[in-house]
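Chain and residue survey
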Amino acid sequence: VYQIYIDRKDRAWFATDGAGVACKDGDKIISYKDKAGLKSHVVYGLSEDREGHLWLNTLEQGIVKFDGTKFKPLHANGNGQANSISAIIAGDSGELVIMQKKGIDLVQTANGRTLHWGKNNGITQQQINLNVIGRDPLGKTWIGTDEGLISLNPIPSGMQWEAKSM
């Protein structure tokens, strides 16, 4: 198990190495391996957005959205890094923060618009730790790397974010 995620309905989701994703809902455990369009059996991490959609970081399909019925790959990662994503977190404004080897992508899930920060923006960490991402009560996103922390400070104007290595 790479990650256990508790969603807003108090269900436990399990991201696994080889068994896809599973959900413990009360006394039932539902396995989504080979179901509803999830083709990847390796799921590294999970996050839930404000609409209750689950976002999965997978090996074969990259980022995948689960709407409660079916899985749909998100093909917004224009940097060709789908297989190098280390951490994801869904934000309160309909965005996904995606940490990968070449930097950070901020994706608006409604339209697929992507902003990328990399070496040119001061994001120089080469080893991003798996699922070491979180958000504090003020909305700042924190990402752990072998070289320290990266913090993302949201700016109220929407897609304009400020990224800083620490």
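A brief structural summary.

Rules used in this analysis
Residues numbered from 1 in each chain as written. Predicted model: local features only at pLDDT ≥ 70, side-chain atom pairs only at ≥ 80, totals over all residues. Heavy atoms only, no water. Helix = DSSP H or I, 4+ residues; strand = E, 2+ residues; numbered from the N terminus. Buried < 20%, exposed > 50% of the residue type's maximum accessible area, 1.4 Å probe, protein only. Contact = heavy atoms within 4.5 Å. Areas by Shrake-Rupley, 256 points an atom, 1.4 Å probe, with all protein chains shown as cover. Pairing = 2+ DSSP bridges. Axes fitted to C-alpha atoms, helices over the stretch in contact; angles between N-to-C directions. Phe/Tyr/Trp six-rings, centres within 6.5 Å; stacked < 30°, edge-to-face > 60°. Core = buried A, V, L, I, M, F, W, Y, C linked by side-chain atoms within 4.5 Å. Salt bridge = Lys/Arg side-chain N within 4 Å of Asp/Glu carboxyl O.

This paragraph deals with the overall build of the protein. When helices and strands are tallied, the protein shows 0 helices and 16 strands. A total of 166 residues make up the protein; the buried ones form 47% of that total. Considering only residue pairs separated by 6 or more positions, the protein has 35% of its internal contacts joining residues 24 or more positions apart. Working note: accessible area of the protein is about 8,500 Å², and carbon and sulfur atoms make up 49% of it.

Right, let's get into the sheet that holds strand β7 (residues 62–66). Read from one edge of the open sheet, 4 strands run β5-β6-β7-β8, paired in antiparallel fashion. Of all the strands in the sheet, just β5 (43–48) and β8 (71–74) have a single pairing partner and so form its edges. Each adjacent strand pair in this sheet contributes to an overall mean axis angle of 25 degrees, direction not counted. Here β5 runs beside strand β6 (residues 54–58); their pairing, made up of 5 bridges, is antiparallel. Along β6, the bridge assignment pairs G45 with N57.

Across all of its chains, the model carries 6 aromatic pairs by this definition. With a centroid separation of 5.8 Å and 20 degrees between ring planes, the pair formed by W13 and Y32 is classed as stacked. Of this pair, W13 sits in strand β2 (residues 12–15) while Y32 sits in the loop between β4 (28–31) and β5; the two residues are 19 residues apart in sequence, bridging distant segments of the chain. The residues W13 and Y32 share a single accessibility class, namely buried. Here a set of aromatic residues connected by ring pairs shows up, and it is made of W13, Y32, F66 and F71.

To continue, consider the nonpolar core. Nonpolar side chains tend to gather and get buried jointly when the protein is soluble and globular. Judged by nonpolar contacts, the single largest core of 14 residues is most densely connected at W13, V21, Y32, L46, L56 and F71. Sorting the residues of this core by element identifies β2, β3 (21–25), β5, β6 and β7 as the ones contributing at least two each. Apart from residues no more than four positions distant in its own chain, W13 is found in contact with Q3, I4, Y5, D7, V21, A22, C23, Y32, L46, L54 and F66. By size, the runner-up hydrophobic cluster in this structure holds 13 residues, among which are V97, W117, I143 and L152.

A few words now on the pairing of strand β14 (residues 141–145). Burial within β14 is extensive, with 4 of its 5 residues counted as buried. The hairpin turn running from strand β13 (residues 128–135) into β14, its antiparallel successor, is 5 residues long, and G139 in that turn takes a positive phi close to 95 degrees.

This part is about unusual backbone geometry. Residues other than glycine seldom take positive phi values, yet D10 does so here, at roughly 65 degrees. A relative accessible area of 64% means that D10 is categorised as exposed. Backbone geometry at N131 places phi at a positive 65 degrees, although glycine is not the residue there.

The next subject is the pattern of salt bridges. A full pass over the atoms with the stated rule returns 4 salt bridges. Two residues, D7 and R11, come together in a salt bridge whose shortest N-O distance is 2.7 Å. With its nearest N and O atoms 3.5 Å apart, the salt bridge here joins D67 to K70. Residue K70 is classed as partly exposed on the basis of its relative accessible area of 47%.

Our focus in this paragraph is the sheet that holds β2. Here 4 strands make up an open sheet; going across it, the order is β1-β2-β3-β4 and the pairing antiparallel. Either end of the sheet is taken by a strand with one partner, and the two such strands are β1 (3–6) and β4. Strand after strand, the sheet turns through a mean of 20 degrees between neighbouring axes, direction not considered. Pairing between β3 and β4: 4 bridges, direction antiparallel. Bridged to K24 within β4 is I29.

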